[in-house]
Amino acid sequence: MKVMKFGGTSVGSVKSILSLKKIVETEARTQPVVVVVSALDGITDKLIATSQMAKQGDEHYREEFDAMVTRHHQMIEAIIQDDKKRIDLFNNVDQLFDQLKSIFYGVYLIHDLSRKTEDAIVSYGERLSSHIVAAMVKNGIRMNARDFIRTEKKQGKHVIDADLTTQLVKEAFKDLSEKNVYVVPGFIARDRDTHETTNLGRGGSDYTASIIAAVLNAEVLEIWTDVDGFMTADPKVIKSAYTINELSYVEAMELCNFGAKVIYPPTIYPVCVKNIPIKVKNTFNPEHPGTLIKETIEDDNKPIKGISSIKGTSLITVTGLSMVGVIGVNRRIFTTLANKGISVFMVSQASSENSTSIGVRDEDAEAAAEVLNAEFAKEIETGAMFPMQVESGLATIAIVGENMKQTPGIAGKLFGTLGRSGISVIACAQGASETNISFVVDGRFLRKSLNVLHDSFFLSEYKVLNLFICGIGTVGGMLLEQIRTQQQFLMQSRRLKLNVVGISDVDNFVLDRDGIDLDNYEKILRAGFPANTDHMRDEIVKMNIFNSVFVDCTASRQIALLYQTFLEHNISVVAANKIAASSDYDSYLKLRQTARDRGVWFRYETNVGAGLPIIGTINDLCNSGDKILKIEAILSGTLNFIFNEIAADVPFSETVKRAKEQRYSEPDPRIDLSGTDVIRKLVILTREAGYKVEQDDVEKHLFVPDSYFEGSIDDFWKRLPELDADFEARRKVLEAENKRWRFVATMEADENNPSSFKTNVALKEVPYGHPFYGLEGSNNIVLLTTERYKEYPMLIQGYGAGAAVTAAGVFANIMSIANI
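Bear in mind the structure is a predicted one, so any value in this text is a computation, not a measurement.

## Examining unusual backbone geometry
Phase 1 of the analysis: Backbone geometry places Asn275, a non-glycine residue, at a positive phi of 55°.
Phase 2 of the analysis: Within the secondary structure, Asn275 sits in the loop between α10 (268-273) and β11 (278-282).
Phase 3 of the analysis: The exposure class of Asn275 is partly exposed, given its relative accessible area of 43%.
Phase 4 of the analysis: Not every positive phi belongs to a glycine, and Arg495 is a case in point at roughly 55°.
Phase 5 of the analysis: Of note, Arg495 is situated in the loop between α16 (474-493) and β20 (496-504).

In structure tokens:
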């Protein structure tokens, strides 16, 4: 036979209760079925709230009562088609409502609500729903749970009387028939001595079903609810959480105890003893296989099964030198709390024995501290112990899996993952069984902790990288398009989800932790916040999102100044913007050091050579023990274009105009002609090679007089043709000598003193046969002379400018972070 329990949501609407009918009647065709039901969704809370209103003399309790009557009547009208059956059901239900009405009125008159009366009131939810379900299903027989579920009072609480209940359940169900469906109201019970109505506490309907299943040796206990089963994590927090197919009893119990609200924790014990499996199913999606809970799981190779959490945690620390080596301190702690009815769900004790931290719910923290201070008053007065330290607003997280005990390094991976995400662990605990590692974090970091752990332990279907894209001009716009076209491929082939959670331009910025639709991002952006650098920084930090990367596709100094804050908050930075890496050396060094200290990444490969692997190559050479002795490079695609275009019929001024028109140069080409961009790039390469250099240290040998950089841009264009004649005369000489102009950036170390070096940028005459001579278009080229590559320098050459290749280089930096 089978025991099926249906929760409040399963009987809470016409649609769900008709689904229940179909499910139950299908099962009842082949075997005896016992159905345990909860009250209609929300009714138990409504009964409690209405009783409190009556106690306070609030006449509006009558309106709440009438609303409950109406809801049950409407449910009956909608689901019971047979007139006679409907009339009988109305009579049964209204009798119960008449009783309930009298109780509420009594509470209202005397302004008192005893525990006995409250227990009687909350029992009506299940009593009403069980009448409705029994009348609705074919061959339904309503059973009175108070006839066979018995409790006894221990330490002020109603607990199950196992022996008496077992005997009574056997008697009540001794004549089970395949034709009938036995409907039992869950949750409610009767005191064995006083025979008063009691209950099994919140979630007690699960417990009722488990007790019956265990006594009757059911084939399976099915818990029907509004989710597909146990999830790897809370799906409201982690979008990629998925249903766990199988759990052991121990794993299920651990997840339930730490906040997974799928089933009531005590439910597991009675069926576990009898080795009866539990199947958790979804009333709204009955075809889904759900989660099967049983003793052992075969072919189980996952060390972590799920992550659970408890919000609103307070940590109380009992500390004092007198605790060291003293027997009985912990006994006093837990006895005192137990006598007060305060539950402790986590304990962490230092091996020195001078402190013990206990986890309780926020609402119990004040009372717990008060009774413990009273218990240890003498020790506190003498200074042997300190007053209780209470830290609230925390969250407790547990990672659960029986295979953890067979997998070394789980704890190390756990704490390393949290540390790299900037999350501090306040306290932790792990039993010798290694089934559960529990730890406490600041409550503000709960969402981030759950997401990063879910992702790190491969519980997620995809690894997620959350991106903030700043700047959607030529490079940023192209990057967004490249991400959009690759998203599906990366999810399918690499199981990597690139989630763009923020986009900004000069006018607006928009943030959405669930991801922005890249097909419509421009429209979404227009409806976003007005652009404000400080506001954007604060909102990004406030999101506190895991595995996040800030991508700067601007040339803004203000944006570059945000990097330090982002890195300090464990947000990696990928920059096409050259300003930060070429700023003063101490700031550059601080950014790199912060990234290392926080376990995040500061990447800027496209600062030099767009998509060419120049910075990465220099890093690899240095990290492998090589020494960069000389760098010779053409690093300005704009200037290379200009000096490739110049000819007898194309004067110098015309080449500059063409560079601007074809978008090789900045809108103000004086930035390119001044060599500023090349100097920045040379400074970056020199620093990556291991040398300390500032922009002012670079010698400049420019080809345009300083006076041309003064005044307005219009003045510049008017005066520029004045240089044509001189350039043409020099060009003719150059042509006759079979040479070409190249604007070259150079870093050269002193052979006798390798720590000494010089840097310069200059317009040079390059002879035929030199690697720089045939460089075409806007290409870049770099020659690296090292201790290993001394006779034949390493050469890197290719496109050094252009939106597509620069965006691709930025994309490659993002992917390098994703692959770590």
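## Examining the pattern of salt bridges
Phase 1 of the analysis: Taken as a whole and assessed by the stated rule, the structure comprises 40 salt bridges.
Phase 2 of the analysis: For Glu196, the salt bridge identified is with Lys116, shortest N-O distance 3.6 Å. Here Glu196 is found in the loop between β7 (188-191) and β8 (197-199), whereas its partner Lys116 is found in helix α5 (residues 115-122), with 80 residues between them in sequence.
Phase 3 of the analysis: A relative accessible area of 31% places Glu196 in the partly exposed class.
Phase 4 of the analysis: Linked through salt bridges whose partners overlap, the residues forming this network are Glu152, Lys154, Asp161, Arg192 and Asp193.

## What to know about the sheet that holds strand β5 (residues 157-160)
Phase 1 of the analysis: Across the sheet, which stays open at both edges, the 4 strands sit in the order β5-β4-β7-β8 with mixed pairing between neighbours. Among the strands making up the open sheet, the edge pair consists of β5 and β8. Between one strand axis and the next, the sheet turns through 55° on average, direction left out of account.
Phase 2 of the analysis: Judged from the 3 bridges that link them, β7 and β8 form a sheet pairing that is antiparallel. Looking at the pairing, Ala189 lines up with Thr198 of β8.

## Overview of the environment of Leu47
Phase 1 of the analysis: Locating Leu47 in the fold gives a position in helix α2 (residues 43-55).
Phase 2 of the analysis: Sequence separation between Leu47 and Asn403 is 356 residues, and the spatial gap between their C-alpha atoms is 44 Å.

## What about the pairing of strand β14 (residues 346-349)?
Phase 1 of the analysis: By the alternation rule, side chains of β14 split into Met346 and Ser348, which are all buried, and Val347 and Gln349, of which none is buried.
Phase 2 of the analysis: Summarising the sheet, β14 and strand β15 (residues 355-361) pair through 4 bridges and their orientation is antiparallel. Across the sheet, the residue bridging to Met346 is Gly359, located in β15.

## Examining the side chain of Thr686
Phase 1 of the analysis: When you line up the elements, Thr686 lands in helix α26 (residues 676-688).
Phase 2 of the analysis: By relative accessible area, Thr686 is classed as buried at 0%.
Phase 3 of the analysis: Every residue in contact with Thr686, bar those within four places of it in the chain, is listed here: Ile631, Tyr691, Val693, Met747, Phe757 and Thr759.

## Topic: the nonpolar core
Phase 1 of the analysis: The biggest cluster of nonpolar side chains holds 100 residues, and the ones touching the most others in it are Ile399, Leu453, Phe550, Ile631, Phe652 and Phe703.
Phase 2 of the analysis: Looking at which element gives the most residues to this core, the answer is α26, with 6 residues.
Phase 3 of the analysis: Other than its neighbours up to four places away in sequence, Ile631 contacts Ile618, Leu685, Thr686, Ala689, Ala745, Thr746, Met747, Val782, Leu783 and Leu784.
Phase 4 of the analysis: Counting 55 residues, the second-largest nonpolar core is a separate cluster that includes Phe173, Ala189, Val280 and Ile293.

## Brief notes about a positive patch on the surface
Phase 1 of the analysis: On the surface, a cluster of positive charge is made up of Lys236, Lys239, Lys261, Lys311, Arg361 and Arg447.
Phase 2 of the analysis: Relative to the helices and strands, Lys261 resides in the loop between α9 (249-257) and α10.
Phase 3 of the analysis: Given a relative accessible area of 80%, Lys261 falls into the exposed group.

## Considering the packing of helix α11 (residues 329-339) against helix α12 (residues 362-375)
Phase 1 of the analysis: Axis separation between α11 and α12 bottoms out at 10 Å; the angle between their running directions is 130°. Our classification of the angle between α11 and α12 gives oblique. The crossing of α11 and α12 is right-handed. Only Ala368, Val371, Leu372 and Glu375 of α12 make contact with α11, whose side of the interface consists of Arg332, Ile333, Thr336 and Leu337.
Phase 2 of the analysis: Looking at the contact of α11 with α12 residue by residue, the class counts come to 5 nonpolar, 1 polar and 2 charged.

## A look at the side chain of Glu251
Phase 1 of the analysis: Tracing the chain through its elements places Glu251 in helix α9.
Phase 2 of the analysis: Excluding residues that lie within four positions of it along the chain, Glu251 makes contacts with Asp300, Lys305, Val400, Gly401 and Glu402.

## A look at the packing of helix α14 (residues 410-420) against helix α15 (residues 446-456)
Phase 1 of the analysis: Here α14 crosses α15 at 130°, and the two axes come no closer than 10 Å. Accordingly, the angle class assigned to the pair α14 and α15 is oblique. Handedness of the α14/α15 crossing: right-handed. Residues Lys413, Leu414, Thr417 and Leu418 of α14 form the contact with α15, whose own contacting residues are Ser449, Val452, Leu453 and Ser456.
Phase 2 of the analysis: Here the residues of the contact of α14 with α15 are counted per class, giving 4 nonpolar, 3 polar and 1 charged.

Each value, and the rule that gives it
Residues numbered from 1 in each chain as written. Predicted model: local features only at pLDDT ≥ 70, side-chain atom pairs only at ≥ 80, totals over all residues. Heavy atoms only, no water. Helix = DSSP H or I, 4+ residues; strand = E, 2+ residues; numbered from the N terminus. Buried < 20%, exposed > 50% of the residue type's maximum accessible area, 1.4 Å probe, protein only. Salt bridge = Lys/Arg side-chain N within 4 Å of Asp/Glu carboxyl O. Pairing = 2+ DSSP bridges. Axes fitted to C-alpha atoms, helices over the stretch in contact; angles between N-to-C directions. Contact = heavy atoms within 4.5 Å. Core = buried A, V, L, I, M, F, W, Y, C linked by side-chain atoms within 4.5 Å. Patch = residues over 30% accessible without salt bridge, like charges linked within 9 Å, V, L, I, M, F, W, Y side chains within 5 Å. Areas by Shrake-Rupley, 256 points an atom, 1.4 Å probe, with all protein chains shown as cover. Lys, Arg positive; Asp, Glu negative; His and termini not counted. Charge placed at Lys NZ, Arg CZ, Asp CG, Glu CD. Parallel < 35°, antiparallel > 145°, perpendicular 65-115°, else oblique. Left-handed = near helix turned anticlockwise from the far one by under 90°. Nonpolar A, V, L, I, M, F, W, Y, C, P; charged D, E, K, R; others polar.

Everything listed here is a matter of coordinates, which is why it stays silent on function.
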